[in-house]
Amino acid sequence: MLDNPLNSIFKTHKESTLFGRYINTEHITPLLKKHARNFKIEVIGQSVLEESIYSIKIGFGKKKILMWSQMHGNESTTTKSIFDLLNFFGNDSNSKSILKACTIVIVPILNPDGAKDYTRLNVNKIDLNRDAQNLTQPESRALRALYNKFKPHYCFNLHGQRTIFSAGSTSNSASLSFLSPAQDSNCTITDNRKVAMSLIVKINTMLQKELPNQVGIYDDTFNINCIGDTFQSFNVPTILFEAGHIANDYDREEVRRYVFKSYLTALNTITNDEIHLKDYREYLTIPQNEKLFFDVIIKNALYNNKLLDIAIQFQEKLIGDTVCFIPKVERIAKLNSFFAHKYLDANNSEVLDGDNNALTVGSEKDFVLINNAKFSLKLK
């Protein structure tokens with residue numbers, strides 16, 4: 001791997017047929033057929049609407065890793081990175097050491113109905129990441145059956161996070177976030193959790209070279225209904241991956257590269273036996289995520305004879321086959337403790353909508369008027 005940097009590997013193996021935020025089973029079916037030449041593709045279950053849930057088995061080593069993506073149907077970045085990873089494993093000699101040491105089973109889309117509708121929940125309006133104990137949904141049961149059959153030594157729980165998160169109480173967006181979930185109500189730092197923490201530290205060390213101070217850690221409050229907490233409680237080191245936001249990367253194509261690199265860093269760490277329990281101390285220094293970001297803040301707006309700030313948050317809506325980002329007024333207040341991915345300055349003037357009315361919380365507006373000048377709130 002040393003003679004082929006991760007960025008070059010990604011550029012070589014990026015799956016060009018997958019782009020943007022809307023990824024469902026229809027998009028990956030041709031790719032599964034392509035990869036069936038090299039890997040074992042199986043149907044592990046059916047969704048509520050009887051869509052197939054697939055698994056992909058790679059490698060033949062003794063170290064077993066289970067990965068699943070799109071448990072939440074609208075969190076697709078990690079799925080794109082999975083298919084970049086599959087291209088690497090199928091076509092690059094640098095992958096041989098991992099394939100020899102590890103057997104990897106990947107579920108690329110656990111929630112195919114939610115992926116098709118671009119929703120977090122499944123078609124029964126159930127959050128699969130709160131169904132780990134009751135197993136009321138066929139998707140949850142499919143993953144548990146796979147887990148029981150495969151008996152993994154490591155689990156990678158792959159998600160995407162909103163643009164609202166900061167890395168600590170800073171103006172740095174949480175471009176990627178991770179968690180070694182708790183495995184008991186006391187959030188005890190067990191040796192099992194330390195293994196997951198060490199993997200995260202290795203990933204963080206890699207990411208800091210290109211994304212300084214843009215990696216966060218999720219709150220580890222214990223919830224046994226969450227799949228990561230459940231698998232961790234089974235004493236299997238489990239890592240939560242969260243693909244976040246990088247400036248102007250609403251299609252999540254840039255962060256996709258970092259997710260790919262994070263996968264390979266973790267897999268190389270496992271392959272090379274570079275896990276060290278003492279790394280947990282460094283893990284504890286990674287800043288915890290806070291919700292300090294809006295997509296747009298209009299500063300210094302005159303509102304009811306007061307100078308306030310107007311926060312805009314994009315609402316993701318599937319229109320046809322395209323995810324559209326609809327600007328919505330989220331808050332009107334002094335927002336000195338918050339940050340934005342884009343700023344406008346009203347310069348002590350009123351901010352009006354297209355009908356010359358003052359903005360109201362909850363309204364959706366594509367543009368605003370400031371001193372009769374029109375400013376777009378939409379993504380370019």
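For the structure given in this document, a descriptive report is provided here. (Residues numbered from 1 in each chain as written. Predicted model: local features only at pLDDT ≥ 70, side-chain atom pairs only at ≥ 80, totals over all residues. Heavy atoms only, no water.)

Turning our eyes to something else, we now look at helix α1 (residues 6–13). Regarding α1, the residues found buried are L6, I9, F10 and H13. Each buried residue of α1 sits inside an arc of 100° when the element is viewed along its axis, so together they form one side. For α1, exposure combined with an orientation more than 90 degrees from the buried face picks out K11 and T12. Turning to α1, the residues buried within the fold contact α3 (77–91), α7 (191–208) and α9 (254–271). (Buried < 20%, exposed > 50% of the residue type's maximum accessible area, 1.4 Å probe, protein only. Helix = DSSP H or I, 4+ residues; strand = E, 2+ residues; numbered from the N terminus. Arc of directions from axis to C-beta. Contact = heavy atoms within 4.5 Å.)

As a further point, take the nonpolar core. Among the nonpolar cores identified, the biggest contains 66 residues, and F89, I104, F156 and F178 are the most heavily contacted of them. With 21 residues, the next largest nonpolar core counts Y118, Y250, F314 and L377 among its residues. (Core = buried A, V, L, I, M, F, W, Y, C linked by side-chain atoms within 4.5 Å.)

Moving on, we come to the pattern of salt bridges. Using the criterion set out here, one finds 19 salt bridges in the structure. As a salt-bridge pair, D220 and R193 come within 3.0 Å of each other at their nearest N and O atoms. Taken together, the residues D220 in the loop between β8 (215–217) and α8 (227–233) and R193 in helix α7 connect sequence positions 27 residues apart. Judged by relative accessible area, which is 24%, D220 ranks as partly exposed. (Salt bridge = Lys/Arg side-chain N within 4 Å of Asp/Glu carboxyl O.)

Along the chain, D353 falls in the loop between β14 (339–352) and β15 (367–370). A relative accessible area of 6% places D353 in the buried class. Among the polar contacts listed, one links the side chain of D353 to the side chain of K365, at a separation of 3.3 Å. With sequence-adjacent residues up to four places away left out, D353 is seen in contact with L359, K365 and L369. (Polar contact = N/O pair within 3.5 Å; in protein donor to acceptor, adjacent residues only side chain to side chain.)

Helix packing geometry: the angle between the two helix axes and the distance between the axes. One way to put it is that helix α2 (residues 25–35) packs onto α3 with a least axis distance of 11 Å and a crossing angle of 20°. Classified by the angle their axes make, α2 and α3 are roughly parallel. The handedness of the crossing between α2 and α3 is left-handed. Of the residues in α3, those in contact with I28, L31, L32, K34 and H35 of α2 are F83, L86 and N87. (Axes fitted to C-alpha atoms, helices over the stretch in contact; angles between N-to-C directions. Parallel < 35°, antiparallel > 145°, perpendicular 65-115°, else oblique. Left-handed = near helix turned anticlockwise from the far one by under 90°.)

Turning our eyes to something else, we now look at the environment of R257. As for its placement among the helices and strands, R257 is situated in helix α9. Since its relative accessible area comes to 15%, R257 is described here as buried. A C-alpha to C-alpha distance of 29 Å links R257 and S140, two positions 117 residues apart in sequence. A distance of 2.4 Å separates a polar atom in the side chain of R257 from a polar atom in the side chain of E254.

On to the packing of α1 against α9, then. Interhelical geometry of α1 versus α9 gives an angle of 115° and a closest axis separation of 10 Å. When you trace α1 past α9, the crossing you get is right-handed. Contacts between α1 and α9 pair L6, N7, I9 and F10 from the former with R256, R257, F260, K261, L264 and T265 from the latter. Residues of the contact of α1 with α9, tallied by class, amount to five nonpolar, two polar and three charged. (Nonpolar A, V, L, I, M, F, W, Y, C, P; charged D, E, K, R; others polar.)

Now for the pairing of strand β3 (residues 63–68). As judged from the six bridges shared by β3 and strand β4 (residues 102–107), these two strands associate in the parallel manner. From the neighbouring strand, K63 faces β4, where its bridge partner is C102. As paired elements, β3 and strand β5 (residues 154–160) share four bridges and run parallel to each other. Bridging from a neighbouring strand, I65 pairs with Y154 of β5. (Pairing = 2+ DSSP bridges.)

Here we take up the packing of aromatic side chains. On inspection of all chains with the given rule, the structure shows 17 aromatic pairs. Judged by centre distance (4.1 Å) and plane angle (15°), the ring pair of Y147 and F231 falls under stacked. In this pair, Y147 sits in helix α6 (residues 138–150) while F231 sits in helix α8, placing the two residues 84 residues apart along the sequence. In this pair, the class of Y147 matches that of F231, namely buried. Ring geometry for Y147 against F234: centres 5.6 Å apart, planes inclined by 45°, an arrangement best described as tilted. Residue Y147 is located in helix α6, and its partner F234 is located in the loop between α8 and β9 (238–243); the two are separated by 87 residues in the primary sequence. One aromatic cluster in this structure is built from F10, F88, F89 and F260. The ring of Y258 carries the charged tip of R257 above its face, separated from the ring centre by 4.4 Å. Sitting above the plane of the F367 ring, K374 keeps its charged end 4.1 Å from the centroid. (Phe/Tyr/Trp six-rings, centres within 6.5 Å; stacked < 30°, edge-to-face > 60°. Lys NZ or Arg CZ within 6 Å of the ring centre and 35° of its normal.)

This paragraph deals with the pairing of strand β1 (residues 40–46). Of the pairings in the sheet, the one linking β1 to strand β2 (residues 52–59) comprises six bridges and is antiparallel in character. In the sheet register, E42 faces β2, and the bridge partner there is S55. The antiparallel hairpin formed by β1 and β2 contains five residues in its connecting segment, where E50 sits at a positive phi of about 65°.

Strand order in the open sheet formed by eight strands is β1-β2-β4-β3-β5-β9-β7-β8, and the pairing between neighbours is mixed. Only two strands of the sheet have a single partner each, and these edge strands are β1 and β8. Averaged over all pairs of adjacent strands, the angle between their axes in this sheet comes to 20°, without regard to strand direction.

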